[in-house]
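Secondary and tertiary structure notes
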Amino acid sequence: MSNLVFPKDFLWGGAIAANQVEGASFKVGKGLTIVDLLPTGQKRWEVMTGQINSFQPIEGEYYPSHEAIDFYHHFKEDIALFAEMGFKALRVSVAWGRIFPNGDEEQPNEAGLQFYDDLFDELIKHGIEPVVTIAHFDVPVHLIETYGSWRNRKLVHFFETYATTLFTRYKDKVKYWMTFNEINMLLHAPFLGAGLVFKEGENKQQIQYQAAHHQLVASALAVKACHEIIPNAKIGCMLAAGSFYPNTCHSNDVLSAIEKDRESYFFIDVQSRGQYPSYAKRIFKDHDLTIEMEKEDEELLKNHTVDYIGFSYYATRVTSTDPEVLKNTTSGNIFDSVENPYLEKSEWGWTIDPKGFRITANQLYDRYQKPLFVVENGLGAVDKVTPEGEINDDYRIDYLRKHIAEMAEAIKDGVEIIGYTSWGPIDLVSASTGEMKKRYGYIYVDKDNEGEGSLKRMKKKSFHWYKKVIASNGENLD
Ligand code: BG6
């Protein structure tokens, strides 16, 4: 299969997030953050969606992120493996609580800053470009407990201080930045996305959109600071993407698909076009929502738009207005969807739709006309180690091959894509379930759902495959 389409400086690589790999949750002055309160099992969903109001780990629950894959102590070994695959970029996130343990201090924690200096130096040593997300499902617990997290305007200031600290410290090391990971997740998993918990009887939607406004202003301020401090840097937004299809050609279903997509575009419309979209007025009016804004917000949003559109793509979704059809739903990356009879699903029920990747990329580019950066894509699957110590993950290769081929088609369609960092190049803790057995990696990590294992790293078959893909700049997908 020959593509011959990827630009020569295309950023091939992988993406990880501090909270899912680092572990060392309580080391060198780190404060507790959102993920430190997310157990595995039954309770995880209730915590993620803000239904449980506890600011300490609950006794008797297992918290997989506390050790995760101990990237904190293994990063040199892991980066050497990424370099062996030929990575041009690694997307990482900074743990807010390592830099400002409580979130509202005036001075940062030097030990936390030093850790990321070491991490970035190691990447640069191997010729790997760091791509840094400032907040990936990450708010210090103290800010949640004391201020109510992003429902409170004060978070804008704390975030600005945090982001500015990072830009100032790493200005010579990091050129690619992103503000909030999957910013639209705030509407679907409000605790995970924004540290929101709700009291009985509160108007959740009101709080969510107010928090969204605060994040959007904070994002614009970070863009402003980034451009001032690092003029040659690029800073983007990050959307959990995946277009909605109407279940039928009935106009009700078609309209519903437009509305569902707009729930996500809402955020990027502000971050990229610099103003609230016209349909937002209708959403606010229909749901009787009033968003408090300061008078300088409009100017800020307008003047500090993002340079590129980062997005994750795992699945497309289907919507219907027929109550009977709606009984038959599945979920992919936390979004509910009507079953799509034309597509296969992963072991976790996420639909597999490579062409949907091309469709989604085209729609995003048509809408924003800015470079796209695919910062997550991949297959979560159970892997088996053979007695010979091999991991033959052909299903993962098949998934990635088809998606990369469709990305090439999107480029041929005229879509500008600057890079592709597949999700979890090394096995890590699943965000939605907290499991270890939901593996995405080219590199296997010996650890199970109960936290047992040696943490030994092993190359899977896909490791060798991805190495060839990168070496051929996407021409050889065999
Ligand atoms: C995205 C997140 O939602 O999807 C990641 O940005 C997450 O943090 C990834 O891990 C895959 O989801 P999951 O639930 O399989 O880990």
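In what follows, the accompanying structure is described.

All right, on to the environment of Ile-352 then. By the element assignment, Ile-352 lies in strand 12 (residues 351-352). As for Ile-352 and Glu-46, which are separated by 306 residues in sequence, their C-alpha atoms are 27 Å apart. When residues no more than four places from it in sequence are discounted, the contact partners of Ile-352 are Leu-343, Glu-344, Lys-345, Ser-346, Leu-379, Tyr-399 and His-403.

The next point concerns the pattern of salt bridges. A side chain with one charge may pair with a side chain of the opposite charge, provided their charged atoms come close. Within this structure, the stated rule accounts for 30 salt bridges. One salt bridge in this structure joins Glu-122 and Lys-125, with 3.1 Å as the shortest N-O distance. Taken together, the positions of Glu-122 and Lys-125, both in helix 5 (residues 110-125) and three residues apart, correspond to about one turn of that helix. Glu-122 sits in the buried class, given a relative accessible area of 8%. Its relative accessible area of 60% is what places Lys-125 among the exposed residues. We note a salt bridge from Lys-327 to Glu-324, for which the minimum N-O separation is 2.7 Å. Salt bridges sharing common partners tie together Asp-383, Asp-393, Arg-396, Asp-427, Arg-439 and Lys-460.

What follows concerns the packing of helix 10 (residues 251-273) against helix 13 (residues 354-368). Packing of helix 10 against helix 13 leaves a shortest axis separation of 11 Å and a crossing angle of 40 degrees. Judged by the inter-axis angle, helix 10 sits oblique to helix 13. In this structure, helix 10 crosses over helix 13, and the sense of that crossing is right-handed. In this structure, helix 10 contributes Tyr-265, Ile-268, Asp-269, Ser-272 and Arg-273 to the contact, and helix 13 contributes Gln-363, Leu-364, Arg-367 and Tyr-368. Counted by class, the contact of helix 10 with helix 13 contains four nonpolar, two polar and three charged residues.

Time to look at the side chain of Lys-438. Position of Lys-438 relative to the elements: it lies in the loop between strand 14 (417-423) and strand 15 (443-445). Here Lys-438 is buried and forms no salt bridge, its nearest opposite-charge partner Glu-435 lying at an N-O distance of 6.4 Å. With residues near it in sequence (within four places) discarded, Lys-438 still touches Trp-348, Trp-350, Gly-380, Ala-381, Leu-428, Ser-430 and Ser-432.

Its 15 residues give helix 3 (residues 71-85) an end-to-end C-alpha distance of only 18 Å, which falls more than 12% under 21 Å, the value for a rise of 1.5 Å per residue. A bend of about 40 degrees at Glu-77 is the largest found in helix 3. Every buried residue belonging to helix 3 is among Phe-71, Tyr-72, His-74, Phe-75, Asp-78, Ile-79, Leu-81, Phe-82 and Met-85, and all of these are buried. Where helix 3 ends, the next residue or the one after it, Gly-86, has phi of about 90 degrees, a positive value.

Take the pairing of strand 13 (residues 372-376) next. Of all five residues in strand 13, five are buried; the element is thus mostly enclosed. Looking at chain direction, strand 7 (residues 308-313) and strand 13 are connected through four bridges and run parallel. By the bridge assignment, Phe-311 is partnered in strand 13 with Val-374. In the classification by handedness, the crossover that spans strand 13, the intervening helix 14 (residues 394-412) and the parallel strand 14 is right-handed.

Glancing now at the site of the ligand. Around the ligand lies a shell of 15 residues, among which Glu-182, Glu-376, Ala-431, Ser-432 and Tyr-440 are the nearest. Residue His-136 places a side-chain N or O atom 2.9 Å away from an oxygen atom belonging to the ligand. Take Tyr-314: an N or O atom from its side chain is 3.4 Å from an oxygen atom of the ligand. Computed on the free molecule, the ligand has an accessible area of 380 Å², of which 99% lies beneath the protein chains in the complex. The class makeup of the residues in the shell around the ligand is six nonpolar, six polar and three charged.

Parameters at a glance
- Residues numbered from 1 in each chain as written.
- Predicted model: local features only at pLDDT ≥ 70, side-chain atom pairs only at ≥ 80, totals over all residues.
- Heavy atoms only, no water.
- Helix = DSSP H or I, 4+ residues; strand = E, 2+ residues; numbered from the N terminus.
- Contact = heavy atoms within 4.5 Å.
- Salt bridge = Lys/Arg side-chain N within 4 Å of Asp/Glu carboxyl O.
- Buried < 20%, exposed > 50% of the residue type's maximum accessible area, 1.4 Å probe, protein only.
- Axes fitted to C-alpha atoms, helices over the stretch in contact; angles between N-to-C directions.
- Parallel < 35°, antiparallel > 145°, perpendicular 65-115°, else oblique.
- Left-handed = near helix turned anticlockwise from the far one by under 90°.
- Nonpolar A, V, L, I, M, F, W, Y, C, P; charged D, E, K, R; others polar.
- Lys, Arg positive; Asp, Glu negative; His and termini not counted.
- Expected span 1.5 Å × (residues − 1).
- Bend = angle between axes of the 7 residues up to and from the residue.
- Pairing = 2+ DSSP bridges.
- Right-handed = clockwise from strand over helix to strand, strands pointing away.
- Near = heavy atom within 4 Å.
- Polar contact = N/O pair within 3.5 Å; in protein donor to acceptor, adjacent residues only side chain to side chain.
- Areas by Shrake-Rupley, 256 points an atom, 1.4 Å probe, with all protein chains shown as cover.

Nothing here speaks to function; it is geometry throughout.
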